[in-house]
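Next come the chains, spelled out residue by residue.
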Amino acid sequence: MSEATGATASDVVSGHDLGGRTAVVTGASSGLGVETARALAGAGAHVILAVRDGQAGRAAAASIVDTQPEASVEVLLLPGSFFEVVSVEAIDGNSKYAEKAEEASQRGKPLP
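The following refers to the structure shown.

Scoring rules and cut-offs
- Residues numbered from 1 in each chain as written.
- Predicted model: local features only at pLDDT ≥ 70, side-chain atom pairs only at ≥ 80, totals over all residues.
- Heavy atoms only, no water.
- Core = buried A, V, L, I, M, F, W, Y, C linked by side-chain atoms within 4.5 Å.
- Buried < 20%, exposed > 50% of the residue type's maximum accessible area, 1.4 Å probe, protein only.
- Helix = DSSP H or I, 4+ residues; strand = E, 2+ residues; numbered from the N terminus.
- Contact = heavy atoms within 4.5 Å.
- Polar contact = N/O pair within 3.5 Å; in protein donor to acceptor, adjacent residues only side chain to side chain.
- Pairing = 2+ DSSP bridges.
- Axes fitted to C-alpha atoms, helices over the stretch in contact; angles between N-to-C directions.

### As for the nonpolar core
For step 1, the next point in the chain: Within the largest apolar cluster, 20 residues are counted, with the highest numbers of intra-cluster contacts made by Ala37, Leu40, Val47, Leu49, Ile64 and Val73.
For step 2, the next point in the chain: Looking at this core, the elements that each hand over two or more residues are strand E1 (22–26), helix H2 (31–42), strand E2 (46–51) and helix H3 (54–67).
For step 3, the next point in the chain: No other element matches the five residues that H2 contributes to this core.
For step 4, the next point in the chain: The contacts of isoleucine 64, once residues within four sequence positions are left out, are Val34, Ala37, Arg38, Ala41, Leu49, Ala71 and Val73.

Rendered as structure tokens:
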């Protein structure tokens, strides 16, 4: 539940038909990620659980389908390094990280 609004993920999608849509949720093996995925699946979206831990991701998918048998979910295992790569385009040019990001991009390595 959002402390600022008192709304849950289910409240946010309530009344919306997300059938025919696909949602990718990172960190979907626990906490807010799995609850977001559960709400999106409940609204009819096909949900891809993008996770680093395949076992935890499969458990999260099973818990969603257990409570919502009509849910369409799949697990996408992402390597840990996937979350470390930063694109130069994703960083504001005025940011103190812009120069480091440019160097990392040229080296093909993530930021330290």
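### Quick notes on the side chain of arginine 38
For step 1, the next point in the chain: As for its placement among the helices and strands, arginine 38 is situated in helix H2.
For step 2, the next point in the chain: Of note is the side chain of arginine 38, whose polar atom sits 3.3 Å from the side chain of threonine 67.
For step 3, the next point in the chain: Sequence-distant contacts of arginine 38, defined by excluding residues within four places in its chain, comprise Ser63, Ile64, Thr67 and Gln68.

### A few points about the sheet that holds E2
For step 1, the next point in the chain: Pairing is parallel in the open sheet, where three strands are placed in the order E1-E2-E3. One side of each edge strand has no neighbouring strand; the edge strands of this open sheet are E1 and strand E3 (72–77). Here the strands of the sheet are splayed against their neighbours by 20° on average, with no regard to which way each runs.
For step 2, the next point in the chain: Bridge count between E1 and E2: five bridges; the pairing is parallel. Bridge assignment links valine 24 to a residue of E2, and that residue is isoleucine 48.
For step 3, the next point in the chain: Where H2 meets the sheet, its contacts fall on E1, E2 and E3, and the angle it forms with E1 comes to roughly 170°.

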